[in-house]
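Spelled out, the chains give:
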Amino acid sequence: MENLTAVCTLSALACPDCGGDLWEMMETRPLRYRCHTGHAYVARSLDKAQADAAEHALWASVRALKEREMLLRRLAHVAQATGDTAQAAIGRRQADRVKAQAEKLGQLMENGIDSA
Ligand SMILES: [Zn+2]
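Rules used throughout
Residues numbered from 1 in each chain as written. Predicted model: local features only at pLDDT ≥ 70, side-chain atom pairs only at ≥ 80, totals over all residues. Heavy atoms only, no water. Donors = N, O, S within 2.8 Å, 3.2 Å for Na, K, Ca; no water. Tetrahedral: all angles 85-135°; square planar, octahedral: opposite > 155°, others 65-115°. Helix = DSSP H or I, 4+ residues; strand = E, 2+ residues; numbered from the N terminus. Buried < 20%, exposed > 50% of the residue type's maximum accessible area, 1.4 Å probe, protein only. Pairing = 2+ DSSP bridges. Axes fitted to C-alpha atoms, helices over the stretch in contact; angles between N-to-C directions. Contact = heavy atoms within 4.5 Å. Core = buried A, V, L, I, M, F, W, Y, C linked by side-chain atoms within 4.5 Å. Expected span 1.5 Å × (residues − 1).

1. Section: the coordination of the zinc ion
Part 1: The protein atoms that coordinate the zinc ion are C15 (SG), C18 (SG), C35 (SG) and H39 (ND1), at distances spanning 2.1 to 2.3 Å.
Part 2: Bound by four donor atoms, the zinc ion shows angles of 103 to 117 degrees at the metal and therefore tetrahedral coordination geometry.
Part 3: Mapped onto the sequence, the donors of the zinc ion take the spacing C-x2-C-x16-C-x3-H. Taken together, the residues span a long stretch of sequence, with C18 in the loop between β1 (8-14) and β2 (21-25) and C35 in strand β3 (residues 32-35) at a distance of 17 residues.
Part 4: Among the residues examined, C18 registers a relative accessible area of 37% and is labelled partly exposed.

2. Topic: the sheet that holds β1
Part 1: Strand order in this open sheet of four strands is β1-β2-β3-β4, and the pairing throughout is antiparallel. Looking along the sheet, the strands with just one partner apiece sit at the ends: β1 and β4 (40-42). Between one strand axis and the next, the sheet turns by 30 degrees as a mean value, whatever way the strands run.
Part 2: Pairing of β3 with β4 involves three bridges; the strand directions are antiparallel. Across the sheet, R32 pairs through a bridge with V42, a residue of β4.
Part 3: Those strands touched by helix α2 (residues 43-81) are β1, β2, β3 and β4, and its axis lies near 105 degrees from that of β4.

3. Concerning the nonpolar core
Part 1: In this structure, C15, L22, Y33, C35, Y41, L46 and A49 together form the largest nonpolar core, which totals seven residues.
Part 2: Where this core is concerned, the elements lending two or more residues are β3 and α2.
Part 3: The contacts of C35, once residues within four sequence positions are left out, are L4, C15, C18, D21 and L22.

4. Side note on α2
Part 1: The terminal C-alpha atoms of α2, which comprises 39 residues, lie 57 Å apart, in line with the 57 Å expected from a rise of 1.5 Å per residue.
Part 2: Among the residues of α2, L46, A49, V62, E69, L72, A76 and A79 are the ones counted as buried.
Part 3: Check the buried side of α2 and you find it contacts β1, β2, β3, β4 and α3 (85-111).
Part 4: Positive backbone phi, approximately 90 degrees, marks G83, located one or two places after α2.

5. A look at the pairing of β3
Part 1: Only one face of β3 is buried: it carries Y33 and C35, and the other face, with R32 and R34, is open.
Part 2: Here three bridges tie β2 to β3, and the two strands are oriented antiparallel to one another. Each bridged residue has a counterpart across the sheet, and for W23 the counterpart in β3 is R34.
Part 3: In textbook terms, the turn of a hairpin is the stretch between consecutive antiparallel strands, and for β2 and β3 this stretch comprises six residues, one of which, E27, has a positive phi near 55 degrees.

Have a look at this one:
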């Protein structure tokens, strides 16, 4: 589609596949969407793609928090080994806080974000 503006209006949404602008086709039911790259959706497939993208991003956040916890514990271990017990204690508290955040987010995901 060369000229989306003739048959579509620019939506406020991003394409779940490429992140580009998503255009809503005029006067179609069910609603249809396209991006400049050529990804096309009906309302239901866009809903599914958005839900999948949100779930993927949230699991990536859980992974990032777990990696942060591992680094904080490693830094605390090194601080303890070099005699900096105060810094080691700070690091362990930070790691515990990050671990709790990851666990809360993981529980939310396992319960299903749609049912929350
Ligand atoms: Zn796209």
